[in-house]
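The residues making up each chain are set out below.
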Amino acid sequence: MRTEDPQLVRLADYRPPDFLIDRVALDIKLDQKKTRVTSRLSLRRNPIGRAGAPLLLDGDELLLLGVTLDGQPLDTSRYAVTPEKFTFAEPPEAPFELEIEIELDPSANTKLMGLYRSGSAYCTQCEAEGFRRITYFLDRPDILSVYTTRVQADRKEAPVLLSNGNPVEHGDIPNSSMHYAIWYDPFPKPCYLFALVGGDLGRIGDTFTTMSGRKVDLAIYVEHGNEPRAAYAMDALKRAMRWDETAYGREYDLDVFNIVAVSDFNMGAMENKGLNIFNDKYVLALPETATDADYAGIERVIAHEYLHNWTGNRITCRDWFQLCLKEGLTVFRDQEFTADQRSRAVQRIADVRTLRGQQFSEDAGPLAHSVRPDTYREINNFYTATVYEKGAELVRMLKVLVGEDTFARGIKLYFARCDGTAATVEDFLACFEVSSGRDLSHFALWYKQAGTPSVAIASTCDERAKTLTLEISQDTRPTPGQPDKKPLIVPLAIGLIGANGAALPLKAEVDAFDGATQSELSRGVLELTTARRHIVFREIPDRPVVSVLRGFSAPVQLVQSATDEDLVLQCACDSDRCARWQAAQSYATRLLVAAARQTPVGANQASIAAFGEALRQIVATSDDPPFTAQVLTLPSEADIAREIGENVDPDAVYLARQSLRADMGRALSRELTRLHRDLDQNAPYSPDARSAGRRALRNTALDLLAASDDAAGMRLAKAQFDAATNMTDRVAALGVLCLIEGEAREEALDDFYKRYAGDALVIDKWLTLQAIIPHAGTLDRVRRLMRSDAFSMGNPNRVRALIGAFAAGNQRQFNAPDGSGYEFIGECVLLLDPKNPQVAARLLSAFRTWRMMEPKRRRPAEATLQHIQAAQSLSPDVRDIADRSLA
Ligand code: B3K
Ligand code: ZN
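Criteria and cut-off values
- Residues numbered from 1 in each chain as written.
- Chains lettered and ligands numbered in written order.
- Predicted model: local features only at pLDDT ≥ 70, side-chain atom pairs only at ≥ 80, totals over all residues.
- Heavy atoms only, no water.
- Helix = DSSP H or I, 4+ residues; strand = E, 2+ residues; numbered from the N terminus.
- Rg over C-alpha atoms; globule rule 2.2 N^0.38 Å.
- Buried < 20%, exposed > 50% of the residue type's maximum accessible area, 1.4 Å probe, protein only.
- Contact = heavy atoms within 4.5 Å.
- Areas by Shrake-Rupley, 256 points an atom, 1.4 Å probe, with all protein chains shown as cover.
- Lys, Arg positive; Asp, Glu negative; His and termini not counted.
- Charge placed at Lys NZ, Arg CZ, Asp CG, Glu CD.
- Near = heavy atom within 4 Å.
- Polar contact = N/O pair within 3.5 Å; in protein donor to acceptor, adjacent residues only side chain to side chain.
- Phe/Tyr/Trp six-rings, centres within 6.5 Å; stacked < 30°, edge-to-face > 60°.
- Lys NZ or Arg CZ within 6 Å of the ring centre and 35° of its normal.
- Pairing = 2+ DSSP bridges.
- Axes fitted to C-alpha atoms, helices over the stretch in contact; angles between N-to-C directions.
- Core = buried A, V, L, I, M, F, W, Y, C linked by side-chain atoms within 4.5 Å.
- Salt bridge = Lys/Arg side-chain N within 4 Å of Asp/Glu carboxyl O.
- Donors = N, O, S within 2.8 Å, 3.2 Å for Na, K, Ca; no water.
- Expected span 1.5 Å × (residues − 1).

### What to know about the overall build of the protein
What the protein contains, in helices and strands, is 28 helices and 32 strands. Relative to its length of 887 residues, the protein is compact, with a C-alpha radius of gyration of 28 Å against a globular reference of 29 Å. With respect to the principal axes defined by its C-alpha atoms, the protein has extents near 90 × 70 × 60 Å. When each of the 887 residues of the protein is scored for burial, the buried share is 60%. Of the contacts formed within the protein by residues at least 6 apart in sequence, a portion of 70% connects residues at least 24 apart. Accessible surface, the protein as shown: approximately 34,300 Å² in total, 51% of it carbon and sulfur. Within the protein, one finds 105 positive and 122 negative side-chain charges whose respective centroids are separated by 2 Å.

Rendered as structure tokens:
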């Protein structure tokens with residue numbers, strides 16, 4: 001029997017809306033404490049809705065001032081209203097107009113959902129369900145309406161007034177200090193894409209001519225004085241616009257495209273139609289204030305939000321269960337954009353690192369869910385690595401399965417068929433069924449089944465028969481609510497490498513039972529569709545090395561029988577750079593897991609030496625610095641912990657990783673010293689991928705050198721810190737100094753603070769570097785920093801930089817055996833929850849790995865979660881994470 005859970009929303013319960021809203025006319029008079037919102041809704045019954053159904057509009061903390069029906073005041077006896085709901089029991093059968101007047105207090109809105117204040121500006125955030133905090137509405141993504149928005153404000157306080165669509169009119173209101181602007185968005189859109197901004201902001205402008213020759217005015221609005229910092233974002237925007245035209249034939253559709261950067265924002269950015277609102281972290285950059293990673297982040301997020309114009313806005317989601325339809329696809333598209341702008345292989349490696357670090361960890365714990373979940377309590381908790389990153393992997397896998405051209409035809413059909421609609425995952429897949437002629441129902445299981453499949457490959461060679469037999473099997477462990485898993489369709493990109501390092505042709509028994517098909521062999525992609533498969537390759541001269549999952553062709557955990565020597569050969573010779581990197585990671589993981597499990601010390605020495613030698617070869621022969629930097633970067637502590645899987649001791653994991661970094665630093669000291677010296681630190685800064693890649697390698701070298709020799713590392717880092725001409729090198733040096741206890745660290749931290757005090761985004765880096773110091777004493781430091789001027793609990797960026805970094809980036813101190821780290825995060829969650837539940841819930845999700853810890857850590861983690869669960873008046877956001885973490 002199912003226990004009643006009033007909060008639970010089920011995909012199976014989806015019903016088309018009973019009413020449609022064709023047009024929305026908003027009139028918003030901005031005031032810091034008393035904003036007036038009048039919304040005139042053109043409503044009609046949905047022909048496929050329930051006949052005679054009442055009109056139920058959503059609200060959230062709303063104060064109703066008045067309602068009219070077709071211009072006449074609606075008698076209070078005809079409706080019922082609470083802050084959360086407006087009920088009109090017997091609305092007219094014929095189309096009608098409802099005008100609703102609301103009063104809001106933007107200054108009191110600390111949830112940063114709906115209309116709120118960031119600094120001296122007014123701004124909005126409506127996804128997922130924030131529009132109901134602005135007015136009563138059918139707040140669901142399948143209600144598509146054409147919006148006209150009139151915004152009024154004090155001319156001095158808010159000279160800039162923006163909303164979605166094209167500007168229609170603006171002017172002064174005679175005999176008053178007020179002015180107004182009218183915006184019209186001709187594209188029917190769901191209310192979660194509504195946006196409004198008012199404030200005194202600086203502007204940088206540009207233009208873009210679309211492929212059909214239309215001129216679009218582009219603008220980025222920032223705080224006055226920050227204009228020069230927005231130039232890179234503007235450049236990225238124009239590149240993204242051009243790329244969507246060349247790669248997908250998608251053209252921009254309004255006369256203007258505006259971006260506004262604000263300092264108080266719950267996430268990265270928001271793709272509101274024609275008016276993207278951004279966390280300023282993803283807009284503002286100058287070489288002196290932003291790192292290469294910041295520049296790359298800006299390029300990616302600017303592109304992501306822009307690309308949503310077609311995948312998300314023109315084609316939106318029918319309901320929130322379909323979130324991956326817009327997010328997975330748009331992440332896939334932003335990854336491809338970056339791959340085309342930068343290095344494809346390095347981009348792929350970076351994306352795989354993120355997937356493993358974030359999504360695989362999510363999948364391995366109590367918060368695991370499918371890419372398209374079938375229930376939720378709080379939709380804001382489903383903007384996850386699974387929906388985004390794994391969602392993108394499913395699109396990529398689909399492309400591998402159907403092939404590039406067929407994929408291109410399928411997506412073209414999707415744009416043609418679904419434009420202007422609120423679509424589902426089924427609608428999306430149907431387009432690829434048409435383009436490929438394949439039945440994709442088995443593939444669709446990837447959207448429904450949670451968990452990371454393990455794919456095991458065992459190979460045996462028969463030297464006399466000159467055959468190689470591969471035994472491939474898959475298995476997915478149970479996840480919450482899904483005890484029994486079915487086999488998925490897994491595309492495995494494969495190659496065979498001969499003893500001399502050259503590729504061997506793929507020849508196998510074609511079309512024999514369970515054998516390979518000709519198409520699989522010619523594409524180099526085996527399709528695993530059952531729990532097990534065995535394939536015999538013919539004409540194999542000597543035992544080859546099997547390279548599987550090239551390009552990371554499926555989001556699976558590979559369990560390989562490769563020997564250390566195989567991995568070394570693959571690392572040196574595989575024609576696929578992602579597989580080379582993967583071989584190095586696998587080798588390192590073996591060493592790290594053995595060390596963390598405290599396999600007798602010393603037993604590993606020969607293997608470590610062989611690993612060092614393999615890396616030396618790569619460093620010596622590679623002409624691809626960012627690739628080399630990736631190869632030299634070990635799996636994270638979280639990755640190692642996940643690999644160990646149970647009874648994890650984060651101290652042992654940390655020490656194992658430290659010790660291997662030190663070994664690497666020693667084994668490669670000559671090469672690393674040379675790299676650090678030769679990779680020009682004095683060249684003028686440019687954020688391009690090539691220059692950034694050289695800095696990445698140089699700073700990786702510094703990090704490893706310091707790991708092997710504190711004193712020398714400190715000298716080098718100190719010199720680099722003092723001489724740095726850009727933020728990338730300065731922060732990298734400070735990061736190294738932070739890992740070495742002593743005065744030099746404190747001096748450098750003081751110096752950094754003095755240089756950048758007042759520049760909040762830079763000071764965030766300073767907060768993070770201190771929060772992730774793996775040594776005892778960090779928690780006291782974090783508590784001290786929380787009391788400093790640099791910190792504010794009201795600003796999500798500060799919270800993430802300090803507290804979020806401690807919880808998610810400091811495995812050792814967060815998981816301290818005395819429970820102090822857990823307790824601290826628990827306190828912060830409870831403190832933050834009444835103000836900003838979304839940020840609080842995100843912070844709490846750091847507990848997602850608690851069950852894999854050793855018992856002495858599991859106990860205090862569980863106690864903290866129970867303490868939170870027992871708290872009075874939790875937000876639905878935090879309650880949902882706490883409940884699921886303990887379930
Ligand atoms: N669509 C937004 C995320 C909204 C999050 C709401 N809790 C940003 C993006 O993915 O582009
Ligand atoms: Zn998105």
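This is not the end of the story, as more comes after the structure.
### Details of the site of ligand 1
In the vicinity of ligand 1 there are 15 residues, among which E127, A269, E271, E305 and Y388 approach most closely. A distance of 3.0 Å separates an oxygen atom of ligand 1 from a polar atom in the side chain of E327. Side-chain polar atom of N380 to a nitrogen atom of ligand 1: 3.0 Å apart, as the coordinates give it. If ligand 1 stood free it would expose 340 Å²; the protein chains cover 94% of that surface. For the shell around ligand 1, the elements supplying multiple residues, two or more each, are β20 (269–270), α2 (292–307) and α3 (323–341).

### Focus: the packing of aromatic side chains
If you walk through the whole model with that rule in mind, you get 35 aromatic pairs. On the numbers, 6.2 Å between centres and 90° between planes, the contact of F88 with F96 is edge-to-face. Pair check on accessibility: F88 and F96 agree, each one buried. Ring centres of F806 and F824 lie 5.6 Å apart, and the angle between their planes is 85°; this geometry places the pair in the edge-to-face category. Of the two residues, F806 sits in helix α23 (residues 796–809) while F824 sits in helix α25 (residues 820–832), which places them 18 residues apart along the sequence. The residues F806 and F824 share a single accessibility class, namely buried. In textbook terms, an aromatic cluster arises when at least three aromatic residues are bridged by ring pairs, as seen for W243, Y248, W310, F332, F337, F407, Y414, F415, F428 and F432. The ring of F187 is capped by K273, whose NZ or CZ atom sits 4.3 Å from the centre of that ring. The ring of Y14 has R318 sitting right over it, with the charged end atom 3.6 Å from the ring centre.

### A word on the sheet that holds strand β7 (residues 79–82)
Taken in spatial order, the 3 strands line up as β4-β8-β7 in an open sheet, and their pairing is antiparallel. Edge strands, defined here as strands with exactly one partner in the open sheet, are β4 (55–58) and β7. Taking each pair of neighbouring strands and ignoring which way they run, the sheet shows an average axis angle of 10°. Inspection of the sheet shows β7 paired to strand β8 (residues 85–88) by 4 bridges, in the antiparallel sense. Pairing of V81 across the sheet is with F86, part of β8.

### Some remarks on the nonpolar core
In this structure, L98, F428, F443 and F537 are the most contacted members of the largest nonpolar core, which totals 280 residues. Considering every element that reaches this core, the biggest residue donor is helix α11 (residues 577–596), with 10 residues. Ignoring anything within four residues of it in the chain, the contact list for F443 reads L394, M397, L398, L401, L429 and I489.

### Some points on the pattern of salt bridges
One pass over the structure, following the stated rule, counts 76 salt bridges. As a salt-bridge pair, D185 and K189 come within 2.9 Å of each other at their nearest N and O atoms. We note that D185, like K189, is buried. The shortest N-O distance in the salt bridge between D663 and R666 comes to 3.0 Å.

### Re the coordination of the zinc ion (ligand 2)
Think of it this way: four donors in a tetrahedron around the metal ideally sit 109.5 degrees apart, and six in an octahedron ideally sit 90 or 180 degrees apart. Every protein donor of the zinc ion (ligand 2) is listed here as H304 (NE2), H308 (NE2) and E327 (OE), and their distances to the metal cover 1.9 to 2.1 Å. For the zinc ion (ligand 2), the donor residues sit on a single chain with the sequence spacing H-x3-H-x18-E. With relative accessibility at 7%, the residue H304 sits in the buried group. A residue is classified by how much of its surface remains accessible, and H308, at 0% relative accessible area, is buried.

### Some details on helix α5 (residues 385–402)
Compared with an ideal rise of 1.5 Å per residue, which puts 18 residues at 26 Å, α5 spans 25 Å between its outermost C-alpha atoms and is within 8% of the ideal. Among the 18 residues of α5, 14 are classified as buried, and the element is accordingly described as predominantly covered. Immediately downstream of α5, the backbone of G403 shows phi near 90°, a positive value.

### Looking at the side chain of N46
Relative to the helices and strands, N46 is located in the loop between β3 (35–45) and β4. The exposure class assigned to N46 is buried, which follows from its relative accessible area of 9%. Apart from the residues within four sequence positions on either side, N46 is in contact with P16, P17, D18, F19 and L20.

### Things to note about the side chain of E671
Among the structural elements, E671 can be located in helix α16 (residues 669–678). Overall, the relative accessible area of 12% leaves E671 in the buried class. In terms of polar contacts, E671 uses its side chain to reach the side chain of R616, at 3.2 Å. With residues up to four places along the chain from it excluded, the contact list for E671 reads R616 and V619.

Read these as geometric descriptors, not functional statements.
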